Structure formats: structure tokens, C-alpha cells
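# Working through the structure, step by step
Next come the chains, spelled out residue by residue.
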Amino acid sequence: METILSATKTKWVADPTHSELNFKVKHLMITNVKGTFRKFEAEIDGEDFTKAKINASIDATSIFTNDDNRDNHLKSADFFEVENYPTLSFEGTSFKKVDDDNYKLVGNLTIKGISKEVKFDVEFGGINKDPWGNEKAGFSLTGKINRKDWGLNWNAALETGGVLVSEEVKISAEVQFVKQAL
């Protein structure tokens, strides 16, 4: 009689009702304008997060800044060019523990077909079960990128000097993952 061994696989999937992906940029060199991507998916494949495969897919058309004109401009060829590039993606290459609750996530972010390495600070909130028995893991992520690295070059010079929109984009995310039964 042949024994079949099956490896147990663990997959964690982002819970969209308990997750958010935000960004902010300096506007007029004096204040920050915030935005969010309302639709994104993220997965962690593996039980040990430091060895797991980490991926995210972001729907560029779901960008929301609370201003329709600005949102439409961000969707245009001046920025994300959503007609040709409807999706942004992230593929993790390493997730290293810094101390008890903090990690450094490194990976490739692809925007408009251009992939660049990015680094994020991640705080691990822990694992807990919800009232329905679902096992969940929580993470807070922060980092910053230079939008020009991905060809998001549009800007306007100000009469007083400086520019309308900063090159630096601060990124933050709160992601709650649900362990999947496989």
C-alpha cells in the first residue's frame, strides 16, 4: 500500500473590509493631500512570514482623493495611465524581522510597466481569532517612494518658486489577513 504525503499549505488573504492602502503627497509645498486605492488584493503564501511569498495587486482605477477632477487627472496619461496600465503590483523579495514586532519588507513595485525595488517598515500587530473562528493577522506598513522613478512626472511650477506636487509619495497601509483553509 502506497502512502501519499501531502504538504500543508498556508495562505493568508487580505480582508478588504478591514484593510486600507493610502498615500499622501505635499501640495503647494505647504500641506499634504491624501488619497487611497479602494480596491486591492494581497496574499501571503506560507506559515512563516519571513519565508513566505508576498504579493499585492492594486486596481489603479480605484484611486480616490475626494475630488473627481483630481482623480480623473491621476488616472490620465499624466500619471497612472489607467487605460493602458489598470493594475499596480508588488512582489515581495524579503521580509526580515527587525525586533519583536517590526519587520522590513523589500520588493518590486510595478507601476506603468516599470518595476523598481522599494522598502517598507512593517509593524506586525499579531494574530487573533474573530468571533466566527477566522484566524487573522494584522500588519501596518509605511514607506515612501519618488513618483518620478515610475514616470509619474507631471507637475506645475509655482509663481513663488517650488512645485505644485512633491516628488515624494508617502505610503501607508493597514492590512488584516485571513488564514485560508486549504
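Everything that follows concerns the structure shown earlier in this document.
Figured I'd write up the structure that's included with this text. Treat the numbers as computed from the prediction; the structure is a model and nothing was measured. By convention here, each chain's residues receive numbers from 1 onward along its written sequence. Side-chain atom pairs in this predicted model are given and counted only at pLDDT of 80 or more, local residue features only at pLDDT of at least 70, and totals for whole chains, interfaces and linings cover all residues. Side-chain descriptors were evaluated using all non-hydrogen atoms of the structure, hydrogens and water having been removed beforehand.

## Examining the overall build of the protein
Secondary structure follows DSSP: runs of H or I at least 4 residues long count as helices, runs of E at least 2 residues long count as strands, and numbering of each begins at the N terminus. Of regular secondary structure, the protein possesses one helix and eleven strands. Mapped from its N terminus to its C terminus, the protein presents α and β elements in the order β-β-β-β-β-β-α-β-β-β-β-β. With 182 residues in all, the protein has 36% of them scored as buried. Contacts are assigned to residue pairs with any non-hydrogen atoms lying within 4.5 Å of each other. At a minimum sequence separation of 6, the contacts of the protein that also span at least 24 residues come to 55%. Accessible area for the protein stands at about 11300 Å²; split by element, carbon and sulfur atoms hold 48% of it. Relative accessibility thresholds used throughout: buried, under 20% of the residue-type maximum; exposed, over 50%; partly exposed, between the two (1.4 Å probe, protein chains only). Areas reported as accessible are Shrake-Rupley estimates using a 1.4 Å probe. Residue values count occlusion only from the protein chains shown.

## A look at the nonpolar core
Here, nonpolar core refers to any group of buried Ala, Val, Leu, Ile, Met, Phe, Trp, Tyr and Cys residues whose side-chain atoms link them within 4.5 Å. Core analysis: the biggest nonpolar cluster contains 41 residues, and Phe80 and Phe139 have the highest contact counts within it. A total of five residues in this core trace back to one element, the largest contributor, which is strand β11 (residues 165–180). If sequence neighbours within four positions are ignored, phenylalanine 80 has contacts with Phe37, Ile63, Leu74, Lys75, Tyr85, Leu88, Ile111, Lys112 and Leu152.

## A word on the pattern of salt bridges
Think of a salt bridge as a Lys or Arg side-chain nitrogen and an Asp or Glu carboxyl oxygen that are within 4 Å of each other. Summed over all chains, the structure comprises eight salt bridges. As a salt-bridge pair, lysine 136 and aspartate 15 come within 2.9 Å of each other at their nearest N and O atoms. Of this pair, lysine 136 sits in strand β10 (residues 135–146) while aspartate 15 is found in the loop between β1 (11–14) and β2 (20–27), placing the two residues 121 residues apart along the sequence. By relative accessible area, aspartate 15 is classed as buried at 10%. What emerges from the salt-bridge pattern is a single network uniting Asp15, Asp130 and Lys136.

## Brief notes about the side chain of threonine 65
With respect to the secondary-structure elements, threonine 65 resides in the loop between β6 (63–64) and α1 (68–75). Looking at threonine 65, its side chain comes within polar contact range of the side chain of arginine 70, at 2.9 Å. Setting aside residues up to four positions removed in sequence, threonine 65 forms contacts with Phe23, Lys34, Gly35, Arg70, Asp71 and Leu74. For the purposes of these results, a polar contact is taken to be a pair of N or O atoms within 3.5 Å, where, inside protein, one atom must be able to donate a hydrogen and its partner to accept one; residues adjacent in sequence count only when each atom of the pair is a side-chain atom.

## So, the pairing of β10
The pairing criterion for strands is at least two bridges between them, as found by DSSP. Sheet analysis places strand β9 (residues 114–129) next to β10, joined by eight bridges and oriented antiparallel. Looking at the pairing, phenylalanine 124 lines up with phenylalanine 139 of β10. Between β9 and the antiparallel strand that follows it, β10, lie five residues; glycine 133 among them carries a positive phi value of about 90°.

## With respect to unusual backbone geometry
One non-glycine residue with positive phi stands out, namely asparagine 66, at about 70°. For asparagine 66, the location among the structural elements is in the loop between β6 and α1. Classification of asparagine 66 as exposed rests on a relative accessible area of 63%. Its identity is not glycine, yet lysine 112 carries a phi of approximately 55°, on the positive side. Relative to the helices and strands, lysine 112 resides in the loop between β8 (102–111) and β9. On the basis of relative accessible area, lysine 112 is assigned to the buried category, the value being 14%.

## A word on the environment of phenylalanine 139
Along the polypeptide, phenylalanine 139 turns up in strand β10. Put simply, phenylalanine 139 and aspartate 101 are 38 residues apart on the chain and 9.6 Å apart in space, counted from C-alpha to C-alpha.

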